[in-house]
Amino acid sequence: MKYEINRLKTTKEIRPLVDRHWSELRTAKERGEIVGWASGPTFIFPYAMEMKCHFMAGYAAYCGGIGAADDVLRAAELAGELPDTCSYHRLHMGMAEAVRKELPIKKEAILPIPDVMIAGRYCTEMSHYAESLYRRLGVRVLPIELPIPFEKEDIERLGEYVIDQTMETVIPTLEEICGKPFDYERMGEILEVLKKTALLRNECWEFFKKKPSPWSLWDYGVSIAPVFYMMGKPESITYYKHLRDELRERTEKGIPAILPDGEKYRIYWDGWLPWAFLGRFIRKFIQYGALPIC
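Since this is a predicted model, take the numbers as computed values, not measurements.

### Considering unusual backbone geometry
1) Next: For the peptide bond that leads from lysine 211 to proline 212, omega is 0°, which places it in the cis range.
2) Next: Structurally, proline 212 is set in the loop between helix H8 (184-205) and helix H9 (217-222).
3) Next: Note the cis peptide between leucine 259 and proline 260, where omega equals 15°.
4) Next: Looking at the element boundaries, proline 260 is found in the loop between strand E6 (258-259) and strand E7 (265-267).

Here it is, written out as structure tokens:
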């Protein structure tokens, strides 16, 4: 039997939204705006201050998606970055090196050097971001340690620890950089939109339980963008409503993610999605009727 992928129509709405996000970030300094870079979930803080900001792992996915990653990684190696270190870290350092030395990379991959980095550390690569940005470029860094609670009784104590860091370091520094009080009202609006978006996303996840599945892990992969890029913007809610509605329609009509009649195998993908090679991997799996769903 010959199998074919049946991509969701809603995912076509993503590219214009993502392109707008990066375009507004690339041109922010030209408009005199303050720019932040953020690792972990800390992008909500500069967004609350109406700064232009990006989620640093998202930049790596974007570079892979636009075919710029190889050139940017080569620039990082020219700057002395070891090729076996984290590619998320190397892509940022390579981009900065390419800007400093006018190396040829795609203009869409060039970002303004930030005024501040909010470093919420989930893994060691995020410490590398912070150290290199400060040491090489003199970028001001606001570190936030985000310990993982391994026991239920740890949650309250660690939560207070993160709040203390935020109130004592992050918010006062952003107020200093921006020259105005922190906008708690805007922060509340952002968190409200994020919660609605996440609840809609959770509804969409439920459709992976259907047999045949109406969508694939790759469809979800490209649908991550509204959570991270469009923080606090109503487009993120609109996108996930459209996605949920299409999944409902597919389920009601029995339309599967793999044609002609659904997946033969359901598989689990372990690790990060290979952003530069999503199409290559999905075509490899689909020819055997195999569908990654989680």
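### Overview of helix H4 (residues 69-78)
Think of an α-helix as turning once every 3.6 residues; residues three or four places apart then point the same way.
1) Next: Of the positions making up H4, those classed as buried are Ala69, Val72, Leu73, Ala75 and Ala76. Within H4, the buried residues cover an arc of 155° as seen down the axis, which keeps them to one side. Along H4, the residues that are exposed and aim more than 90 degrees away from the buried face are Asp70 and Leu78.
2) Next: Of the surrounding secondary structure, the elements contacted by the buried residues of H4 are helix H3 (56-65) and helix H5 (87-101).
3) Next: Glycine 80 occupies a position one or two residues after H4 and carries a positive phi of about 100°.

### A word on the environment of glutamate 235
1) Next: Tracing the backbone through its elements, the reader meets glutamate 235 in helix H11 (residues 234-253).
2) Next: Along the primary structure glutamate 235 and glycine 36 are separated by 199 residues, whereas in three dimensions their C-alpha atoms are 22 Å apart.

### Quick word on the packing of H4 against H5
1) Next: The geometry of H4 relative to H5 is characterised by a closest axis approach of 7 Å and an angle of 80° between their N-to-C directions. Compared by their axis directions, H4 and H5 come out roughly perpendicular. Residues Ala69, Val72, Leu73, Ala75, Ala76 and Glu77 of H4 touch H5, and the partners they reach there are Ser87, Arg90, Leu91, Gly94, Met95, Glu97 and Ala98.
2) Next: In terms of residue class, the contact of H4 with H5 is built from 8 nonpolar, 2 polar and 3 charged.

### Structural notes on a nonpolar patch on the surface
1) Next: Residues Ile163, Met167 and Tyr184 make up a contiguous nonpolar surface patch of about 320 Å² in total accessible area.
2) Next: Note that isoleucine 163 resides in helix H7 (residues 154-178).

### Looking at the nonpolar core
1) Next: Counting 86 residues, the largest nonpolar core has Met117 and Trp215 as the members making the most contacts within it.
2) Next: Looking at which element gives the most residues to this core, the answer is H3, with 6 residues.

### Description of a negative patch on the surface
1) Next: Where like charges cluster on the molecular surface, the negative patch consists of Glu156, Glu160, Asp164 and Glu168.
2) Next: Inspection of the secondary structure assignment puts glutamate 156 in helix H7.

### Some details on the pattern of salt bridges
1) Next: For the structure shown, the criterion picks out 24 salt bridges.
2) Next: Here aspartate 219 ties to arginine 7 by a salt bridge, and the two come within 2.8 Å at their closest N and O atoms. Taken together, the positions of aspartate 219 in helix H9 and arginine 7 in the loop between strand E1 (4-5) and helix H1 (14-26) put the pair 212 residues apart, joining distant regions of the chain.
3) Next: What makes aspartate 219 buried here is its relative accessible area of 0%.

Parameters at a glance
Residues numbered from 1 in each chain as written. Predicted model: local features only at pLDDT ≥ 70, side-chain atom pairs only at ≥ 80, totals over all residues. Heavy atoms only, no water. Helix = DSSP H or I, 4+ residues; strand = E, 2+ residues; numbered from the N terminus. Buried < 20%, exposed > 50% of the residue type's maximum accessible area, 1.4 Å probe, protein only. Arc of directions from axis to C-beta. Contact = heavy atoms within 4.5 Å. Axes fitted to C-alpha atoms, helices over the stretch in contact; angles between N-to-C directions. Parallel < 35°, antiparallel > 145°, perpendicular 65-115°, else oblique. Nonpolar A, V, L, I, M, F, W, Y, C, P; charged D, E, K, R; others polar. Patch = residues over 30% accessible without salt bridge, like charges linked within 9 Å, V, L, I, M, F, W, Y side chains within 5 Å. Areas by Shrake-Rupley, 256 points an atom, 1.4 Å probe, with all protein chains shown as cover. Salt bridge = Lys/Arg side-chain N within 4 Å of Asp/Glu carboxyl O. Core = buried A, V, L, I, M, F, W, Y, C linked by side-chain atoms within 4.5 Å. Lys, Arg positive; Asp, Glu negative; His and termini not counted. Charge placed at Lys NZ, Arg CZ, Asp CG, Glu CD.

No statement about biological role is implied by the geometric values presented.
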